Protein chains: 2
Amino acid sequence: MAVAPSVYGPRASTALPGHQLRKEKGVSQEAFAHQIQIDRSYFGSIERGERNVSLDNICLIAAGLGVPPSELLRFDAVRDVEPARVDE
Amino acid sequence: MAVAPSVYGPRASTALPGHQLRKEKGVSQEAFAHQIQIDRSYFGSIERGERNVSLDNICLIAAGLGVPPSELLRFDAVRDVEPARVDE
DNA sequence: CTGTGACTTTAAGTCCGTC
DNA sequence: AGACGGACTTAAAGTCACA
């Protein structure tokens, strides 16, 4: 059932690279979740890759981050940056 | 709530460009849905932009089409190709 | 500020059919 | 081949209290 590679968390395809993007903006989960009007706890579980997010929410998050929705689905690009390093 | 522009159908963010991609492959909705193991009726409604698809299924469809998941979220690129033409 | 578990509501997703 | 509907089951959405 899993399609995308598991770089981030247990649930491969739901782990969005948004974590990095958000942190780069220096915004907390709480603040960001509030900004895009979704529950902070729910957003947290998304970043942890525990949820199978829907397209609407992907777009919502992308908009909040100021990137095109497709940017969040770049599992490939992510792999390029984080080549499955266990030790660091 | 709607985030992405509505080029395809009533539900902006769920309208995937997969329609074009699938047709280019010369596969029917029925055949394709069967291939990736989702309901034909459901897949039809996705292409019509009536559904808020989950990420798992986006990846599933992308895999079936042989493109990276991010390719399906290119609303921007789509707009470039189809600049909101009403008459044609 | 974030993780987690328990929870209710809503929509996703399936399966049958017809036009 | 595809649009569309009804009835149904499952999972996601969304909220909250507490760690």
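Model, not experiment: these values are computed from the prediction. (Residues numbered from 1 in each chain as written. Chains lettered and ligands numbered in written order. Predicted model: local features only at pLDDT ≥ 70, side-chain atom pairs only at ≥ 80, totals over all residues. Heavy atoms only, no water.)

**Topic: the packing of aromatic side chains**
All names here are of chain A. Taken as a whole and judged by the stated rule, the model has two aromatic pairs over all chains. Ring centres of phenylalanine 32 and phenylalanine 43 lie 5.1 Å apart, and the angle between their planes is 50°; this geometry places the pair in the tilted category. With phenylalanine 32 in helix α2 (residues 29-35) and phenylalanine 43 in helix α3 (residues 40-47), the pair connects residues that are 11 residues apart, well separated along the chain. Phenylalanine 43 carries the same exposure label as phenylalanine 32, and that label is buried. (Phe/Tyr/Trp six-rings, centres within 6.5 Å; stacked < 30°, edge-to-face > 60°. Helix = DSSP H or I, 4+ residues; strand = E, 2+ residues; numbered from the N terminus. Buried < 20%, exposed > 50% of the residue type's maximum accessible area, 1.4 Å probe, protein only.)

**Description of the pattern of salt bridges**
Residues and elements named next belong to chain B. Scanning all chains against the criterion turns up six salt bridges over all chains. Glutamate 47 is paired through a salt bridge with arginine 22; the nearest N and O atoms lie 2.7 Å apart. Linking glutamate 47 in helix α3 (residues 40-47) with arginine 22 in helix α1 (residues 18-24), this pair joins segments that are 25 residues apart in sequence. The exposure classification of glutamate 47 matches that of arginine 22, with both residues buried. The partner of glutamate 50 in a salt bridge is arginine 48, and the shortest N-O contact between them spans 3.2 Å. Among the residues examined, glutamate 50 registers a relative accessible area of 39% and is labelled partly exposed. (Salt bridge = Lys/Arg side-chain N within 4 Å of Asp/Glu carboxyl O.)

**Quick notes on the UniProt feature "domain: HTH cro/C1-type" (unreviewed entry) in chain A**
The UniProt entry lists residues 20-72 of chain A under the feature "domain: HTH cro/C1-type" (unreviewed entry), expressed in the numbering used here. Across residues 20-72 of chain A, the secondary structure splits into 58% helix and 0% strand, with the terminal C-alpha atoms separated by 10 Å. (UniProt positions renumbered as here; feature names shortened; annotations may be inferred.)

**Some details on the protein's contact with DNA strand C**
Taken together, 19 residues lie around DNA strand C, and Gln29 and Glu30 of chain A together with Tyr42, Asn52 and Ser54 of chain B are the ones closest in. Atoms of DNA strand C within 4 Å of the protein: sugar and phosphate make up 57%, bases the balance. Interatomic distance of 3.3 Å between a backbone N/O atom of aspartate 39 of chain B and a phosphate oxygen of DNA strand C. Measuring from a phosphate oxygen of DNA strand C, one finds a side-chain N or O atom of serine 54 of chain B at 2.5 Å. (Near = heavy atom within 4 Å. Polar contact = N/O pair within 3.5 Å; in protein donor to acceptor, adjacent residues only side chain to side chain.)

**Considerations on the protein's contact with DNA strand D**
Around DNA strand D, the surrounding shell holds 18 residues, and the nearest of these are Ser41, Tyr42, Asn52 and Ser54 of chain A together with Gln29 of chain B. Those atoms of DNA strand D that come within 4 Å of the protein belong to sugar or phosphate at a rate of 70%. Within the contact set of DNA strand D, a base nitrogen lies 3.4 Å away from a side-chain nitrogen or oxygen of arginine 51 of chain A. Within the side chain of asparagine 52 of chain A, an N or O atom sits 3.1 Å from a phosphate oxygen of DNA strand D. Of all elements in the fold, only α3 of chain A together with α2 (29-35) and α3 of chain B reach the threshold of two or more residues within the surface near DNA strand D.

**Some details on helix α4 (residues 55-65) of chain B**
Residue pairs three or four apart in sequence face the same way in an α-helix, which turns once every 3.6 residues. Residue and element names in this part refer to chain B. Summarising burial for α4: nine of the 11 residues are buried, a large majority. For α4, every residue scored as buried is listed here: Leu55, Asp56, Asn57, Ile58, Cys59, Ile61, Ala62, Gly64 and Leu65. A positive backbone phi angle near 75° is found at glycine 66, which sits one or two residues after α4.

**Remarks on the nonpolar core**
Among the nonpolar cores identified, the biggest contains 33 residues, and Ile58 and Ile61 of chain A together with Ile58 and Ile61 of chain B are the most heavily contacted of them. When residues of this core are traced back to their parent elements, those giving at least two are α2, α3 and α4 (55-65) of chain A together with α2, α3 and α4 of chain B. Looking at which element gives the most residues to this core, the answer is α4 of chain A, with seven residues. Excluding residues that lie within four positions of it along the chain, isoleucine 58 of chain B makes contacts with Leu55, Ile58 and Leu73 of chain A together with Val53, Pro69, Leu72 and Leu73 of chain B. (Core = buried A, V, L, I, M, F, W, Y, C linked by side-chain atoms within 4.5 Å. Contact = heavy atoms within 4.5 Å.)

**Brief notes about the side chain of serine 70 of chain A**
As for its placement among the helices and strands, serine 70 of chain A is situated in the loop between α4 and α5 (75-81). Setting aside chain neighbours within four positions, we find serine 70 of chain A in contact with Ser70, Leu73 and Arg74 of chain B.

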